[in-house]
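Chain and residue survey
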Amino acid sequence: MIIVVVGKESPAYAETAPEVDFRFVADLSEADDVIETMEAVIGRVPPEVLARAKQLRWVHSPAAGVDADLSPEMLGSDVVLTSSVGNGAIPLAEHAMLLMLMLNRDVPRWLRAQQERRWDRFRHGELAGRTLGIYGLGNSGIDLAQKAKAFHLHVIGVRRRPGQPSPYVDEVYGEDGFDRMLERSDFVVVTAPSTPATTGRFDAAAFARMKQSAYFVCISRGGIAEDEALLEALRSGQIAGAGLDAHGVEPLPPESAFWSLPNVIVTPHNGATSDGTARRGEQIVLDNLRRFTAGEELRNVVDKVAGY
């Protein structure tokens, strides 16, 4: 059995599946001689390679979001696609709490005062008693909800299947409760994946439904919020501010207005860049490798229609 790994060589692969012939490559172009006989790929598979890979049965994405993997060719194939979803849930939830706290307490004001050596005391907010609305109750959303309860927030959430149990979430809505979630929340945090159903979900109408005192935070994927609508909401005072780790265009261009708005905190899609994320990602792929070679059901199988 031939499995191609797009990435650095690691002895953990052979230790997990000693019977496999592993090919470690920087790019699939380096594995041209085994494209037609490889049975699995750990890494992204371009459409032109997928068309030639007649023996391919499994592709594992090292990323949590698979929107870039879902080419028309992948959607139309019988290849099983799995992801590393859940590997960054903990640091992403921590990052969301960080952005919420920074916005709530106007931390940029303190940082400016520190740079100017100026003693600037002011009355700031607190999270206790506020309402957090989470759009997307997957791994990151649930972990965020648990952390938010420790800060005494009331947590409501929107998910595609509202009937699924959601610990730490006080109220769960389906998509039909999206507007109500927006109207009630003091913080709206996006933890949903990028799919056809979520792209552009936060448009001008959505921001118009939010409280003027509310904050918008995005830690999952850019494009779920329409950039121009978000900019207008921030400039006009329709919402109080935003914390943005995921952006519609990445890297965020130097000329982007988001950099200079006083009510915006920008981070460079860096919320899950931790050793823990890498470690959990490796654990997921090695577990799936063991399952694949043993003929067992794989973890994190992507619903290609739903997009995650």
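This text gives an overview of the structure that appears in the document.

Rules used throughout
- Residues numbered from 1 in each chain as written.
- Predicted model: local features only at pLDDT ≥ 70, side-chain atom pairs only at ≥ 80, totals over all residues.
- Heavy atoms only, no water.
- Pairing = 2+ DSSP bridges.
- Helix = DSSP H or I, 4+ residues; strand = E, 2+ residues; numbered from the N terminus.
- Axes fitted to C-alpha atoms, helices over the stretch in contact; angles between N-to-C directions.
- Contact = heavy atoms within 4.5 Å.
- Buried < 20%, exposed > 50% of the residue type's maximum accessible area, 1.4 Å probe, protein only.
- Right-handed = clockwise from strand over helix to strand, strands pointing away.
- Expected span 1.5 Å × (residues − 1).

Structural notes on the sheet that holds strand β3 (residues 40-42)
- One open sheet accounts for five strands, arranged β2-β1-β3-β4-β5; its pairing is parallel. This sheet does not close on itself; its edge strands, each paired only once, are β2 (21-25) and β5 (80-82). Neighbour-to-neighbour, the strand axes of the sheet open up by a mean angle of 15°, direction not taken into account.
- Pairing geometry for strand β4 (residues 58-60) and β5, over three bridges, is parallel. Its bridge partner lying in β5, V59 is registered against L81.
- With respect to the sheet, helix α10 (residues 275-294) is in contact with β1 (2-6), β2, β3, β4 and β5, its orientation differing from that of β4 by roughly 170°.

Brief notes about the pairing of strand β11 (residues 241-244)
- On β11, burial covers both faces: G241 and G243 on one face and A242 and L244 on the other are all buried.
- Relative to β11, strand β10 (residues 215-218) is paired through four bridges, and the arrangement is parallel. Within β11, the position partnered with F216 by the bridge is A242.
- The β-α-β motif built from β10, the intervening helix α9 (residues 227-236) and the parallel element β11 has right-handed crossover chirality.

Observations regarding helix α5 (residues 107-115)
- For α5, every residue scored as buried is listed here: V107, P108 and A113.
- Check the buried side of α5 and you find it contacts α4 (89-104) and β12 (264-266).

Describing the environment of E226
- In this fold, E226 is placed in the loop between β10 and α9.
- The partly exposed category is assigned to E226, whose relative accessible area is 37%.
- On a C-alpha basis, the gap between E226 and D203 in space is 5.5 Å, while along the polypeptide they are 23 residues apart.
- When sequence neighbours within four positions are dropped, the list of residues in contact with E226 reads G200, F202, D203, A204 and F207.

Focus: helix α6 (residues 139-150)
- Taking 1.5 Å per residue, 12 residues should reach 16 Å; α6 reaches 17 Å between its end C-alpha atoms and fits that length.
- Listed as buried for α6 are S140, G141, I142, D143, L144, A145 and A148.
- At its buried positions, α6 is contacted by α4, β6 (131-135), β7 (154-158) and β9 (187-190).
- One or two positions beyond α6, positive phi appears at H152, with a value near 65°.

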